[in-house]
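Structural characterization, general
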Protein chains: 2
Amino acid sequence: MEVENSNDSYFKSYEDLQIHKLMLSDEPRNSAYHEAIFNNKTSIEGKVVLDVGAGTGILSVFCAKAGAKTVYAVEASETYKLAADIVKENQMENIIQVIHSRIEDLTSAQIPGKVDIIVSEWMGFYLLHEGMLDSVIIARDRFLKPNGLIFPEAATIYATPCSIPSIYKYWENVHGVRMESFSRLLREEAYKKPLTEKIPPECLISEPEVATWIDLREVTSDDLNEIKLRHVAVSNKVGTYEGICLWFTCTFPFPRGPSNTEPVSLSTEPDEPETHWKQTLIVLPNSMNVEVGSPICYDLTIKRSTDSNRRYNIELIMLDPEEVQHPEFCRCFMTKCILVNAMLEKYARGEGDGAE
Amino acid sequence: MEVENSNDSYFKSYEDLQIHKLMLSDEPRNSAYHEAIFNNKTSIEGKVVLDVGAGTGILSVFCAKAGAKTVYAVEASETYKLAADIVKENQMENIIQVIHSRIEDLTSAQIPGKVDIIVSEWMGFYLLHEGMLDSVIIARDRFLKPNGLIFPEAATIYATPCSIPSIYKYWENVHGVRMESFSRLLREEAYKKPLTEKIPPECLISEPEVATWIDLREVTSDDLNEIKLRHVAVSNKVGTYEGICLWFTCTFPFPRGPSNTEPVSLSTEPDEPETHWKQTLIVLPNSMNVEVGSPICYDLTIKRSTDSNRRYNIELIMLDPEEVQHPEFCRCFMTKCILVNAMLEKYARGEGDGAE
């Protein structure tokens, strides 16, 4: 079958095409943006929208269908041609202007005045890695009206200790065969770079902790250079602690006007439907058995790479629970926390008695 | 975390390691071999086994556990080291000999005498592509006793016309957005090489046809140079004909002795649990609407590549149903088949009347 190949002019590689296929087939992602944009119809109707990193242009078409007056679909890669085709296919040429440019290079001739709304699907693995939040920040600072809306408006990274059966437990007994020699190799690979994998929710062994919360209306690029979390987690089951599971959620603006709906959230949490981001796993060199109440203490640093602005490195340092200060009301089984909790409870009871 | 990297000595690349992970995590594959080997315990106990392309050695350990006296685990790649580690880990060094060699280069010093059983997981995509059946044939001809067993013993390739929503239907309406411009690119890519994808069973639009049945006890390498199928399929639903879906099944030897079990089968059919082989899709340049009874005629040729013995090319030629001879009892809606069927039925009724 001889067919003229025009892919080369749209995508740098076969992989590029497959990545767009993966993203556009990600139902939780598509649904969240679609729902968020249509729930906010009142805020979008008649307004000017800037789509940062428009890709194939799907979000721009959502906004045009939701009633936007003008949508600037800005895309730096050759994919802009495809966005232009899709805009035509949906007969939105009068509303959507596809602009082939980096955000940094946009001129006021291309975007005259300020925009009311920014939409962008900029999220990378564990939110930041290979994402493009910096471009959204630049777009916001240069082009968004004061009090303009950003879709999404906020993002949160969560962390929690977990077990990782795909590189540990599974290999202890593969139909009766011990394959520790193989899983050791998998773990060695995993130390080099975080795993992107769907982790079953039952593998989480503690309550999630917020590593960072990002308000897109205010965050600066400098804020994104380094994210640090010290977490004193408490195991809530008998299990094996094998690494840290990271994921993120994004929340969209609160719908204005008569509709009484909640803001839409896009969650990549383990117990939510799988997205192409899956979860990110930072693997420990050795697994540790934990009981209900075992304290698990670590410092997690997510740090911008010096090689590339869009890449991040993760550092995980295990801490000695004896040497770390535990939070108030820590529910771990260490004597100091049991004593503090007993005192706090006694105090609470005393207060209660006194009030009667 | 600094960890000595020993993967390099076992695998050529990170991808190699991931491929082994994928295969060893393929439950239907593992289960079929495990079940087939243990159902045939009576035939394996005290016998000599040759594992062709042993990889990580899992099948060799299965055979040793099922009572084999000696297992030769022959692996040409550096993965043989890992097989040796896994053999040790399972304390099978006295039974399993890991041999680092290509099958072609094996000497009678390495394999003295003949073996009773050959096991091998040699199957590639749509059975043959990047598989290693030729090595199994060489091993059989050189080392297997007359009437020795081969696991698996037979294999079948099936073909059936299907629709392929992942590159057609899905893109007509992605949350209200037409993305035909994108799906056109996906289809252009798909013409270049067959897709490996899980196809939902409801996408098959006709009964499966056997493209070839291979008896591993008798097949020769020459038999595998070219497989040709002419198929006059009849659509069993109103739908869209967008390509040909290929898959395979393998069957294992019939258990001997007192056990009264059926031979085990490993199936990669669309309605069976997903394997890492998934299904293979040959995509048409254009889709065709079909009705119940529409004849779909094609010639399919699976031909060994001249570049590499282990690679195959697929040629799909659409045929005009008017010009192709339909099989007896063809259930398509064409006048000639309706007439023939009516005559055959009349004849059958006549016979029935006469017999009463």
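Just so it is clear, the structure is predicted and the values come from calculations on it, not from any experiment. (Residues numbered from 1 in each chain as written. Chains lettered and ligands numbered in written order. Predicted model: local features only at pLDDT ≥ 70, side-chain atom pairs only at ≥ 80, totals over all residues. Heavy atoms only, no water.)

**Re the relation of the copies chain B and chain A**
Comparison of the two chain copies shows a relationship of rotation about an axis with a shift along it. Expressed as a screw operation, the relation of chain B to chain A combines 0.0 Å of axial shift with a rotation of 180°, fitting to an RMSD of 0.0 Å. The relationship between the two copies is best expressed as a two-fold rotation axis. By C-alpha distance to the rotation axis, the residue of chain B lying nearest is glutamate 15 of chain B, at 7.6 Å. (Least-squares fit on C-alpha atoms with pLDDT ≥ 70 in both.)

**What to know about the pairing of strand E2 (residues 70-75) of chain A**
Residue and element names in this part refer to chain A. Of all six residues in E2, six are buried, a share of seventy percent or more. Side chains of E2 alternate between two faces, with Thr70, Tyr72 and Val74 and Val71, Ala73 and Glu75 buried alike. As defined by bridge partners, strand E1 (residues 48-52) adjoins E2 across five bridges and the pair is classed as parallel. For aspartate 51, the partnering residue across the bridge sits in E2 and is alanine 73. Crossover connection from E1 via helix H5 (residues 58-65) to parallel E2: handedness right-handed. Here E2 pairs with strand E3 (residues 96-100) via five bridges, running parallel. Looking across to E3, one finds that tyrosine 72 is bridged to glutamine 97. (Buried < 20%, exposed > 50% of the residue type's maximum accessible area, 1.4 Å probe, protein only. Helix = DSSP H or I, 4+ residues; strand = E, 2+ residues; numbered from the N terminus. Pairing = 2+ DSSP bridges. Right-handed = clockwise from strand over helix to strand, strands pointing away.)

**Focus on the packing of helix H2 (residues 14-24) of chain A against helix H8 (residues 180-192) of chain B**
In contact at an axis separation of 11 Å, H2 of chain A and H8 of chain B are set at 130° when each is read in the N-to-C sense. Considering the angle they form, H2 of chain A stands oblique to H8 of chain B. Between H2 of chain A and H8 of chain B lies a crossing whose hand is left-handed. Residue-level contacts link Tyr14, Leu17, Gln18, His20, Lys21 and Leu24 of chain A of H2 of chain A to Phe182, Leu185, Leu186 and Glu189 of chain B of H8 of chain B. Across the contact of H2 of chain A with H8 of chain B, the residue classes break down as six nonpolar, two polar and two charged. (Axes fitted to C-alpha atoms, helices over the stretch in contact; angles between N-to-C directions. Parallel < 35°, antiparallel > 145°, perpendicular 65-115°, else oblique. Left-handed = near helix turned anticlockwise from the far one by under 90°. Contact = heavy atoms within 4.5 Å. Nonpolar A, V, L, I, M, F, W, Y, C, P; charged D, E, K, R; others polar.)

**Examining the sheet that holds strand E13 (residues 295-304) of chain A**
Residue and element names in this part refer to chain A. Ordered in space as E9-E13-E14, the three strands form an open sheet in which the pairing is antiparallel. Each edge of the open sheet carries a strand with a single partner, namely strand E9 (226-234) and strand E14 (312-319). With direction set aside, neighbouring strand axes in the sheet form an average angle of 15°. Pairing geometry for E13 and E14, over eight bridges, is antiparallel. In the sheet register, arginine 304 faces E14, and the bridge partner there is tyrosine 312.

**Some points on the interface of chain B and chain A**
A common way to report how large an interface is uses the accessible area buried once the components associate. On the chain A side, the residues contacting the 54 residues of chain B number 53 residues. There are three salt bridges connecting chain B and chain A. Our count for the chain B to chain A interface comes out at 20 residue pairs in polar contact (both at pLDDT 80 or more). Counting only elements with at least two residues in the side of chain B that touches chain A, the list comes to helix H1 (7-10), helix H2 (14-24), helix H3 (27-39), helix H5 (58-65), helix H6 (80-89), H8 and strand E12 (279-290) of chain B. No other element matches the ten residues that H8 of chain B contributes to the side of chain B that touches chain A. Of the residues that constitute the side of chain B that touches chain A, the class distribution is 25 nonpolar, 15 polar and 14 charged. (Salt bridge = Lys/Arg side-chain N within 4 Å of Asp/Glu carboxyl O. Polar contact = N/O pair within 3.5 Å; in protein donor to acceptor, adjacent residues only side chain to side chain.)

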